Each structure stands twice: as C-alpha cells, then as structure tokens.
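Below are the chains, spelled out letter by letter.
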Amino acid sequence: MSKSWSPNSIEARLTPDGGEYLIKISIGTPPFEILAIADTGSDLTWTQCKPCIQCYNQDAPFFDPTETKTYTRLSCESEQCTAVGFSSCDNSNGCMYQVSYFDKSYSIGDLAVETLTFVSDSGDKVSFPEVVFGCGHQNDGTFKMGSGIVGLGGGSLSIVSQLESIGGKFSYCLTSFDSTNASSKISFGANAVVTGPNVMSTPLVQKSPNTFYYLTLEGISVGKRRLEYSNPISNSKAIGEEGNIIIDSGTTLTFLPRDLYNDLESTLLSAIRGERVSDSQGLFGLCYELSSDGEFNPPPIVVHFTGADLELRQESTFLEVEQGLVCLTLVPSDDLAVFGNLNQINYHIGYDIGNKVVNFLPTDCSKFE
C-alpha cells in the first residue's frame with residue numbers, strides 16, 4: 001500500500017450525473033460497490049436494500065444484507081438509534097430510521113452497522129468496520145440516479161464524524177455536468193488540505209442543526225454593482241447575520257432570500273440584452289432565449305462570503321435548461337438559503353471542521369488530480 005493511501009488519507013471518485021455528484025464506495029464483506037449522492041447537507045449514509053417494499057429504479061443491483069458477513073442491525077436502545085432523529089422499533093426491537101429531504105424525498109429502513117471500503121484507482125483498499133448506515137426498504141421522491149446517499153454533513157452519524165482517522169477534513173472539486181472526461185475526486189484526511197497563494201477562506205459558523213455547514217453571505221456583485229444581504233428582521237443593509245446560508249453538495253441550484261434575489265434579478269435585467277422568456281417547468285426565475293449564434297454575455301457575478309469572494313463561472317450561473325434557453329441558477333427561497341453545487345463548479349473546496357473553516361481555490365476541476 002502506498003504511503004499516500006491509508007486510513008487517514010483516502011480518496012474516492014466523484015462523477016456528475018443529473019444535477020448530483022455520485023461517489024463510489026463499497027459496503028459489506030465481501031465489498032459490494034455502490035454509487036450514491038455525495039451530500040454535505042445530510043448525515044445518514046443509506047443505500048437501497050433487499051427486500052425492497054418501495055424503491056426507485058436503479059441500474060445496479062440492490063444491496064442484500066443476507067449476502068454479507070459484517071452486517072448487524074442496531075437495537076432501539078442504541079445511541080445511534082437516538083441520534084438518527086426520527087426512528088421507531090420493529091417487533092424484534094430493531095431500530096428503523098426515517099429520513100426526509102428538502103424536496104420531500106425520503107428513505108425508510110433498518111439502521112445497521114457495516115464495513116465501509118474505499119478503493120483507489122490503483123486498487124488499494126482501506127476498510128472501516130462498524131460504520132452506521134441505513135438499509136433502505138422504502139425510498140422515493142426525486143431520486144433518479146445512484147443507489148442512495150453518502151452523508152457528509154456535520155452531525156454524529158455522518159461518515160465525516162464516524163471516520164475519526166480523517167480528522168474532520170475533506171475536500172472535493174466539482175467538474176461541470178457536460179465535461180467529456182467528467183469525473184473528479186473527493187479526498188478525506190491528510191490529502192484534503194486546500195493550499196496555494198489564491199486560496200480564500202471563510203469561517204464555518206456553528207448553528208443548529210449541526211448537520212449543516214453554515215457560512216456567512218455578505219452580498220453579491222453583478223459587474224461593478226454590489227448588492228448587500230439585508231437582515232430580514234431589521235431590514236438593514238448591514239452585513240448579513242452570521243451563518244445565514246449553508247453550502248450543500250447535494251442541492252443543485254442556489255437558493256437566495258427573496259429580497260436579495262429580487263435585487264439580483266432586477267440588476268441582471270438592466271445589464272443583459274436579450275429576450276426574457278419562461279422555462280416550461282416554471283422552476284427558474286430568470287431565463288433568456290439564446291440568439292441564433294448561441295452568444296450570451298451576462299455580466300460577472302461574484303458571491304461575497306466573509307473573507308472569500310467567489311467569482312461564479314458563467315456556465316454555472318446561466319445554464320441551458322432547454323434547447324436554446326438559458327436560465328439563472330440562483331433562485332428565490334422563503335426557507336433556508338443554500339449555496340448549491342452548480343455554483344461550486346471549478347473550485348477546490350476544503351472543509352476543516354476542527355478549525356471551523358472552508359477554503360476555496362479556483363481551478364479547472366477536470367484537470368484536478
């Protein structure tokens with residue numbers, strides 16, 4: 001085994017698919033490979049399991065807990081059962097979990113422990129025994145790809161917390177969805193440090209629930225015009241409240257408070273020449289018809305976090321969602337503000353939970369190794 005591949009320094013392949021990024025890991029003994037959504041916005045790792053009462057379609061076979069030597073269900077009295085939040089007991093005192101997500105997707109099943117294995121591109125393996133995960137027997141909602149979720153949040157059941165040897169450090173570099181050679185890597189532990197002269201750092205703010213990684217958004221610039229994040233309570237145009245937005249690899253779009261979004265939209269409307277149209281699904285706030293030559297030149301958009309000014313790539317701020325139709329990937333929300341994965345493309349992003357900081361380094365993630 002090479003020195004760079006050990007329990008405190010591991011990597012996995014990340015592949016973009018349908019608005020999400022899939023991570024390849026293996027569970028069980030012998031190892032059973034799964035592709036699941038890499039999600040910094042949730043804690044519990046789960047996969048679709050046999051027997052499946054209600055499951056969404058997946059290309060790969062379902063995980064079968066009867067085919068592995070290391071699968072053990074957790075009891076209702078276990079600490080982990082309490083930590084999962086919403087749980088219930090079955091007739092044999094086994095812990096049944098239930099998790100749901102912003103978009104009303106959900107998973108229900110058995111809470112268990114199992115061996116989790118990471119395999120490098122060269123075939124090196126690192127295994128972690130007794131990792132808590134969910135064996136999902138009822139899973140539905142908007143899931144269209146992968147066989148479950150790998151929880152990378154900040155709570156106790158996240159694999160970031162469970163794999164103590166990685167020291168609360170992980171990083172990833174997201175490639176664009178239309179990249180030809182699109183896969184990239186997610187790193188954990190010693191390999192996950194983001195360094196360099198152009199690194200920008202912003203504090204991680206501790207708030208409840210501790211699943212989420214809260215950052216502080218101070219404002220957004222369109223060209224030379226800066227729009228401040230206003231405090232909805234005092235309506236002051238002062239710096240936004242600390243921890244007013246979460247960074248989430250499992251959410252595609254960026255959701256902004258309605259007032260800030262309205263300012264952004266009206267500023268863009270004044271700056272962009274083109275015919276405004278609506279998208280057929282009504283998901284987006286601002287869309288334009290592409291001209292016959294495909295030219296579209298919106299002004300640069302910069303997101304200002306405390307200590308980190310991120311210039312968003314044009315291809316990730318205006319996305320061609322239908323033939324000849326581009327839409328703004330920042331949308332209004334009356335709920336939690338979220339910095340989604342599209343706007344994280346082509347940044348090497350490192351989370352250092354112990355030091356309460358997130359680092360950003362602009363780079364071409366398709367060339368990132």
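Residues numbered from 1 in each chain as written. Predicted model: local features only at pLDDT ≥ 70, side-chain atom pairs only at ≥ 80, totals over all residues. Heavy atoms only, no water.

Quick look at the packing of aromatic side chains
- Enumeration according to the criterion identifies 18 aromatic pairs in this entry.
- Ring geometry for F63 versus F133: centroids 6.0 Å apart, planes at 80°, classification edge-to-face. Taken together, the positions of F63 in the loop between β4 (46–48) and β5 (72–73) and F133 in strand β9 (residues 125–140) put the pair 70 residues apart, joining distant regions of the chain.
- Judged by relative accessible area, which is 4%, F133 ranks as buried.
- On the basis of an interplanar angle of 90° and a centroid distance of 6.1 Å, the ring pair of F118 and F128 is categorised as edge-to-face. Taken as a pair, F118 in strand β8 (residues 106–119) and F128 in strand β9 lie far apart in primary sequence, ten residues in all. (Phe/Tyr/Trp six-rings, centres within 6.5 Å; stacked < 30°, edge-to-face > 60°. Helix = DSSP H or I, 4+ residues; strand = E, 2+ residues; numbered from the N terminus. Buried < 20%, exposed > 50% of the residue type's maximum accessible area, 1.4 Å probe, protein only.)

Some points on the pairing of strand β28 (residues 357–362)
- Across the six residues that make up β28, a large majority, five, are buried.
- Summarising the sheet, strand β27 (residues 347–352) and β28 pair through six bridges and their orientation is antiparallel. Its bridge partner lying in β28, I349 is registered against F360.
- Following β27, the chain reverses through four residues before pairing antiparallel with β28; K356 in that reversal takes a positive phi of roughly 55°. (Pairing = 2+ DSSP bridges.)

Examining the environment of I27
- Checked against the element boundaries, I27 lands in strand β2 (residues 20–27).
- Residue I27 is classed as buried on the basis of its relative accessible area of 4%.
- Separated by 41 residues in sequence, I27 and T68 place their C-alpha atoms 8.9 Å apart.
- Once residues lying within four places of it in the same chain are set aside, the contact partners of I27 are F32, I34, T47, F63, E114, T115, L116 and F133. (Contact = heavy atoms within 4.5 Å.)

Thoughts on the sheet that holds strand β23 (residues 318–322)
- If you walk across this open sheet you meet the four strands as β19-β20-β24-β23, and the pairing is antiparallel. Of all the strands in the sheet, just β19 (276–277) and β23 have a single pairing partner and so form its edges.
- Across two bridges, β19 lies against strand β20 (residues 287–289) in antiparallel orientation. Within β20, the position partnered with V277 by the bridge is C287.
- Along the sheet face, helix α3 (residues 258–271) touches β19, β20, β23 and β24 (325–328) and points at about 140° away from the line of β24. (Axes fitted to C-alpha atoms, helices over the stretch in contact; angles between N-to-C directions.)

Regarding the pattern of salt bridges
- Going through the model one piece at a time under the given rule, you end up with eight salt bridges.
- Across the pair K185 and E11 runs a salt bridge whose closest N-O atoms are separated by 3.5 Å. Taken together, the positions of K185 in strand β12 (residues 184–189) and E11 in strand β1 (residues 9–17) put the pair 174 residues apart, joining distant regions of the chain. The exposure classification of K185 matches that of E11, with both residues buried.
- Taken together, the shared-partner salt bridges connect R73, D90 and D110 into one network. (Salt bridge = Lys/Arg side-chain N within 4 Å of Asp/Glu carboxyl O.)

Quick notes on the nonpolar core
- Residues F118 and F188 are the most contacted members of the largest nonpolar core, which totals 78 residues.
- At five residues, β9 tops the list of elements feeding residues into this core.
- Of all hydrophobic cores here, the second largest spans 19 residues; its members include L22, V99, V132 and L157. (Core = buried A, V, L, I, M, F, W, Y, C linked by side-chain atoms within 4.5 Å.)

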